[in-house]
Amino acid sequence: MQNILAIWQREMKSYFVSPIAYVVLTVFLFITGLFFFGYVAQLSSAQMGQIQQAIDVPGIITRGLFNTISVVLLFIVPMLTMGLFAEEKKRGTIELLLTTPVGNLQTLIGKYLASLAFLLLMLLGSAITIFPLFVYSKPELKPVLSGYLGLFLFGSAMLAVGLFISTLTENQIVAVIITFGVSLVLWLVEIFAPTSGAAKSVVSYLSVISHLEDFIKGVIDSTHVIFYVTFAFVGLFLAYRSLESMRWKG
Amino acid sequence: MIEVEHLSKVYNGRKAVDDISFKVEKGEILGFLGPNGAGKTTTMRILTCFMPATEGTARVAGYDVFEESLEVRKRIGYLPENPPLYPEMSVESYLDFVAKIKGAKSNRKAQVGEVVEKCGLGDARSRIIGRLSKGYKQRVGLAQALLNNPEVLILDEPTIGLDPNQIHEVRSLIKGLAYSHTVILSTHILPEVSMTCSRVVIINKGKVVAMNTPEGLADQMKGTERISLTVDGPPDEICEKIKSIDGVLSVQKEEGKSGGPHTFIVESKLNSDLRPALATVVASAGWKLLDLRGVSMSLEDVFINLTTNEQE
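Residues numbered from 1 in each chain as written. Chains lettered and ligands numbered in written order. Predicted model: local features only at pLDDT ≥ 70, side-chain atom pairs only at ≥ 80, totals over all residues. Heavy atoms only, no water.

Asker: What should I look at first to understand the overall build of chain B in this one?
Answerer: Counting its secondary structure elements, chain B contains 11 helices and 14 strands. Its C-alpha radius of gyration of 25 Å places chain B more than 25% over the 20 Å reference for a compact globule of 312 residues. Oriented by its inertia axes, the alpha-carbon framework of chain B measures out at about 85 × 40 × 35 Å. By the burial criterion, 51% of the 312 residues in chain B qualify as buried. Put simply, of all contacts in chain B between residues at least 6 apart along the chain, 68% involve residues at least 24 apart. Per element, the accessible surface of chain B, about 14200 Å² overall, is 48% carbon and sulfur. The positive charge centre, built from 38 side chains, and the negative charge centre, built from 41, are 6 Å apart in chain B. (Helix = DSSP H or I, 4+ residues; strand = E, 2+ residues; numbered from the N terminus. Rg over C-alpha atoms; globule rule 2.2 N^0.38 Å. Buried < 20%, exposed > 50% of the residue type's maximum accessible area, 1.4 Å probe, protein only. Contact = heavy atoms within 4.5 Å. Areas by Shrake-Rupley, 256 points an atom, 1.4 Å probe, with all protein chains shown as cover. Lys, Arg positive; Asp, Glu negative; His and termini not counted. Charge placed at Lys NZ, Arg CZ, Asp CG, Glu CD.)

Listed below in structure tokens is the structure:
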């Protein structure tokens, strides 16, 4: 436990002494704010015009925003994980980690938790953007919370994939590009799905973002929770095996 | 303390370490000597559980490096070839981190203070590692290895990149560790071995070519007496003539210009001074004897002899 904490702390510190954390946070919050503004502006101009029946304005805004955040996360998550192991390999500090009594699993968990903490921080930051909605209107709280849960689970799954890819190379750029490519494929896989039949449901099941839809609508469906958790576990398991094999390859 | 038996490591189809066996007793400082690429680092990496051996076993403090890797890792301090540093951390927070992952408990602060003191890092405590000079970085690496007071220290070229003063300091630091710690250090600086180590293992191309005390090693090589001889005359004939002298083991002509005087290195049995005999032979054949003297062997000669003979 002490080891996990030590690794976690060091990783958090290193996020915040390098410019990466600040750049990632700034870009993320800027884009979130920009889209929030966009949705609000679009709706308010539409409302002044032709629409007569009552519509759930805050609901539309949060749903739109969550969809945007999910896409932004797809781009940003690879940047949070690229250095986790690639950097250790490049600097040779992996030699320190593998020759001290820290277990591989502890190293892995410490690092993963650090990236999760950063994800949480980003999501909390984006809540500031949504906050005015609660001041000026009465949005339903449940879809907002379930939406955040969904985004967090989705992010954790992607972080685990990124972590695994970071163990494969000692070049951060390679890690970030491969992770980005993999994320993109996992997102767009739906496009390649056949139009009907069992194959369609299998392929679209694999699409990481499609599982978010229910969360954003305010429904917490256990199948989606299980999907993301399983996804994260597979990622972490692969990362663990890859770390173990590092000893063999030398 | 450390037992290595028939250790081999195949690396991309090449044998980096080839059937190495040696033992290190408790409190000893063992010097690991060899040219670059001889397999020093690989052997050390196996001993520190960083990579497994292809064949053979190694035990550190009674634990097998492969089977009981965690127990071994608790008992070693390792300074790799490139000190494993996080450039963005300060010296103190880095050492604190290493102390934590090495399992130091409540006395962490005192321990960090102690190694900082030992390695002369007092004035660099709060500096950022990335901005330190090479010498300081090396010392931080050494400090890191000393944390948690490990029984066994494995130091891969500990004095590389240091200036002469610092080299002196680090050497005396390492010497001071003997008795309480068991140390293996690798180097290709020869005087370092005779100054700090109680025993030397010379390896070349993955094989142990010699193992002895530094003095013993020089004596061992002195099993032959060497004489340098410069003569003006036909080289082949001279070679023949010298070889026919009783007691000569070998004659080697030094590479040089084709005409003019030639220099030969004559090896003979120990305690047999062949100089008079050589002088007589040369003079009676009518050649001009220009120079004749005994050549002593330094550790450097031993090293070159052992590691180059292998290649021929």
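Asker: Before we go on, may I ask you to explain unusual backbone geometry in this structure?
Answerer: Excluding glycine, residues mostly have negative phi values, and the peptide bonds linking residues are mostly trans. All names here are of chain B. Phi is positive for His6, close to 45°, though the residue is something other than glycine. Within the secondary structure layout, His6 lies in strand S1 (residues 2-11). In this structure, Glu157 is a non-glycine residue whose phi angle is positive, near 50°. For Glu157, the position within the fold is in the loop between strand S7 (152-156) and helix H6 (164-177). Residue classification places Glu157 among the buried positions, given a relative accessible area of 7%.

Asker: Help me out: how do you make sense of the nonpolar core in this one?
Answerer: Taken as a class, soluble globular proteins show a tendency for nonpolar side chains to be buried jointly. Membership of the largest hydrophobic core comes to 61 residues, with the highest contact counts inside it found for A:Met122 and A:Phe154. Among the secondary structure elements, those contributing two or more residues to this core are helix H1 (2-17), helix H2 (19-48), helix H3 (57-91), helix H4 (94-99), helix H5 (104-136), helix H6 (141-166), helix H9 (212-217) and helix H10 (222-249) of chain A. What A:Met122 contacts, discounting residues up to four positions off in sequence, is A:Val24, A:Leu25, A:Phe28, A:Leu29, A:Leu73, A:Ile76 and A:Leu80. Membership of the second largest hydrophobic core comes to 52 residues, among which are B:Ile101, B:Val116, B:Ile167 and B:Ala178. (Core = buried A, V, L, I, M, F, W, Y, C linked by side-chain atoms within 4.5 Å.)

Asker: Got a minute to help me understand the packing of helix H3 (residues 91-101) of chain B against helix H5 (residues 134-146) of chain B in this structure?
Answerer: Two numbers describe a pair of packed helices, the interaxial angle and the distance between the axes. Residues and elements named next belong to chain B. Running from amino to carboxyl end, H3 crosses H5 at an angle of 30°, the nearest separation of the two axes being 9 Å. The angle between H3 and H5 falls in the class roughly parallel. Crossing handedness for the pair H3 and H5: right-handed. Across the interface between the two elements, Val91, Tyr94, Leu95 and Val98 from H3 touch Val140, Ala143 and Gln144 from H5. Split into classes, the residues belonging to the contact of H3 with H5 amount to 6 nonpolar, 1 polar and no charged. (Axes fitted to C-alpha atoms, helices over the stretch in contact; angles between N-to-C directions. Parallel < 35°, antiparallel > 145°, perpendicular 65-115°, else oblique. Left-handed = near helix turned anticlockwise from the far one by under 90°. Nonpolar A, V, L, I, M, F, W, Y, C, P; charged D, E, K, R; others polar.)

Asker: Where do I start with empty space enclosed by the protein in this structure?
Answerer: Gaps left between atoms are located by rolling a probe of water-molecule size over the structure's atoms. The final tally for this structure, using the stated rule, is 2 cavities of 30 Å³ or more. Roughly 50 Å³ of internal volume is contained in the largest cavity. In terms of lining, the largest cavity is formed by A:Thr100, A:Pro101, B:Arg73, B:Lys74, B:Ile76, B:Lys102, B:Leu147, B:Asn148 and B:Pro150. Taken together, the residues of the lining of the largest cavity sort by class into 4 nonpolar, 2 polar and 3 charged. When its volume is computed, the second largest cavity comes out at roughly 30 Å³. Around the second largest cavity, the lining residues are A:Leu96, A:Thr99, A:Thr100, B:Ile76, B:Gly77, B:Tyr78, B:Lys102 and B:Gln144. Contributions of two or more residues to the lining of the second largest cavity are made by H4 of chain A together with strand S6 (76-79) of chain B. For the lining of the second largest cavity, the element with the highest residue contribution is S6(B), accounting for 3 residues. When its residues are assigned to classes, the lining of the second largest cavity shows 3 nonpolar, 4 polar and 1 charged. (1 Å grid on protein atoms, 1.4 Å probe; cavity = no way out; pocket = protein on both sides within 12 Å on 5 of 7 lines; lining within 4 Å. Points joined across faces, edges and corners; volume = space filled by probe spheres on them.)

Asker: How should the pattern of salt bridges be read in this particular structure?
Answerer: Oppositely charged side chains are able to pair whenever their charged atoms sit close together. In the structure shown here, the tally under the stated rule is 20 salt bridges over all chains. Among the ionic pairs, B:Lys40 bridges to B:Glu157, the shortest N-O distance being 3.5 Å. Residue B:Lys40 is found in helix H1 (residues 40-47), and its partner B:Glu157 is found in the loop between S7 and H6; the two are separated by 117 residues along the sequence. Note on accessibility: B:Lys40 and B:Glu157 belong to one class, buried. In the salt-bridge network here, residues are joined through shared partners; they are A:Arg10, A:Glu11, A:Glu87, A:Glu88, A:Arg91, A:Lys111 and B:Glu88. (Salt bridge = Lys/Arg side-chain N within 4 Å of Asp/Glu carboxyl O.)

Asker: In this structure, what is going on with helix H4 (residues 108-118) of chain B? I would like to understand it.
Answerer: Since there are 3.6 residues in each turn of an α-helix, residues three or four apart along the chain are aligned in direction. Residues and elements named next belong to chain B. Every buried residue of H4 is accounted for by Gln111, Val112, Gly113, Val115 and Val116. Of the surrounding secondary structure, the elements contacted by the buried residues of H4 are H3 and H5. Just downstream of H4 lies Gly120, where phi reads positive at about 65°.

Asker: Would you mind going over the interface of chain B and chain A with me for this structure?
Answerer: One frequently used descriptor of interface size is the decrease in accessible area upon assembly of the parts. Taken residue by residue, the interface counts 33 residues in chain B and 26 residues in chain A. Both faces considered, chain B and chain A share a buried interface measuring about 2600 Å² in area, 61% of it formed by carbon and sulfur atoms. Broken down residue by residue, the surface that chain B buries against chain A is led by B:Phe50, B:Arg73 and B:Ile101, which jointly contribute 28%. Our enumeration of links across chain B and chain A arrives at 3 salt bridges. Across the salt bridge formed by A:Arg10 and B:Glu88, the nearest N and O atoms sit 3.1 Å from each other. Listing elements by their share of the side of chain B that touches chain A, those giving two or more residues are S1, helix H2 (69-75), S6 and H3 of chain B. No other element matches H3(B), which puts 6 residues into the side of chain B that touches chain A. (Buried area = accessible area lost by both parts, 1.4 Å probe.)

Asker: Looking at this model, I keep getting lost on the packing of aromatic side chains. Mind explaining?
Answerer: Given two aromatic rings, their pairing is described by the distance between the two centres and the angle made by the two planes. All names here are of chain A. A complete count under the given rule lists 13 aromatic pairs over all chains for this structure. Ring plane angle 45° and centroid distance 6.3 Å describe the contact between Phe35 and Tyr39, whose orientation is recorded as tilted. Of this pair, Phe35 and Tyr39 both sit in helix H2, 4 residues apart, which is roughly one turn of that helix. The exposure class of Tyr39 is partly exposed, given its relative accessible area of 22%. Both rings, one in Phe66 and one in Tyr148, keep their centres 5.0 Å apart while their planes meet at 70°; by these two values the pair is edge-to-face. (Phe/Tyr/Trp six-rings, centres within 6.5 Å; stacked < 30°, edge-to-face > 60°.)

Asker: What's the story with the side chain of B:Thr182 in this structure? I'm lost.
Answerer: All names here are of chain B. Its location among the elements puts Thr182 in strand S8 (residues 182-187). In this structure Thr182 comes out as buried when scored by relative accessible area, which is 1%. At 3.2 Å, the side chain of Thr182 and the backbone nitrogen of Gly27 are in polar contact. With sequence-adjacent residues up to four places away left out, Thr182 is seen in contact with Met1, Ile2, Val24, Glu25, Lys26, Gly27, Glu28, Glu151, Val152 and Leu153. (Polar contact = N/O pair within 3.5 Å; in protein donor to acceptor, adjacent residues only side chain to side chain.)

Asker: Looking at this structure, how should I read the packing of H6(A) against helix H7 (residues 172-188) of chain A?
Answerer: All names here are of chain A. Running from N to C, H6 and H7 point in directions that differ by 140°, and their axes come no closer than 9 Å. As the angle between them shows, H6 and H7 are arranged oblique. As for the relative orientation of H6 and H7, their crossing is right-handed in sense. Contacts from Met158, Val161, Gly162, Ile165 and Ser166 of H6 reach H7 at Ala175, Ile178, Thr179, Val182, Ser183 and Leu186. The residue makeup of the contact of H6 with H7, split by class, is 7 nonpolar, 4 polar and no charged.

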